[in-house]
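# Observations on chain architecture
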Amino acid sequence: MALLNILHYPDKRLHKVAKPVAKVDDRIRRLVADMIETMYDAPGVGLAATQVDVHERVVVIDVSEDKEGLMVLINPEIISFSDDVKTYEEGCLSVPGVYDEVKRPSEVRVRALNLDGEPFEFDADGLLAVCVQHEIDHLNGLVFVQHLSMLKQTRLKTKLRKEQREHERV
């Protein structure tokens, strides 16, 4: 297993739409193992392959306190969502140190493949529902800050570009 490099917003590669995984094979299982290690090391509760510059529909999630709730979602899709919408404070490994409120459906039903390539479905609410939607957004080329107002997005991009220039000078 290896730690992978996480892309940081506003990197253009974060906006590429991921392609479906054609076959769940050893290459995908190695990617998943590396993504799990990277997510736990970061530390985070979710990681999409897009964030590590692999543009295939693979997500790892663990919203548990004890690292016992690991989920691997290959080709995930939301097949239904609640009309009820809640506001949650979100952060992102690709936008370190930035947290803001995002409105999303409070419950979702998800279909995906597991590591054996077998389909499964599950219902999610609370933090898991937020995380699933957040990570699927990544696969669709969206970063959570794109749910914010244009003013907040512009301010954030300016701040992050300035920080990047300062870091490059060091």
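Scoring rules and cut-offs
Residues numbered from 1 in each chain as written. Predicted model: local features only at pLDDT ≥ 70, side-chain atom pairs only at ≥ 80, totals over all residues. Heavy atoms only, no water. Pairing = 2+ DSSP bridges. Helix = DSSP H or I, 4+ residues; strand = E, 2+ residues; numbered from the N terminus. UniProt positions renumbered as here; feature names shortened; annotations may be inferred. Buried < 20%, exposed > 50% of the residue type's maximum accessible area, 1.4 Å probe, protein only. Contact = heavy atoms within 4.5 Å.

## A look at the pairing of strand E3 (residues 71-81)
- Pairing between strand E2 (residues 58-61) and E3: 4 bridges, direction antiparallel. Residue pairing in the sheet places Val-59 in a bridge with Leu-73 of E3.
- Sheet topology note: the E3/strand E6 (residues 107-113) ladder contains 5 bridges and is antiparallel. When the bridges of E6 are listed, Ile-78 appears paired with Val-110.

## Considering the UniProt feature "active site" (unreviewed entry) in the protein chain
- UniProt's feature table lists "active site" (unreviewed entry) at Glu-135, given in the numbering used throughout.
- Residue placement: Glu-135 occurs in helix H2 (residues 126-139).
- Overall, the relative accessible area of 4% leaves Glu-135 in the buried class.
- Other than its neighbours up to four places away in sequence, Glu-135 contacts Gly-46, Leu-47, Ala-48, Gln-51, Val-59 and Ile-61.

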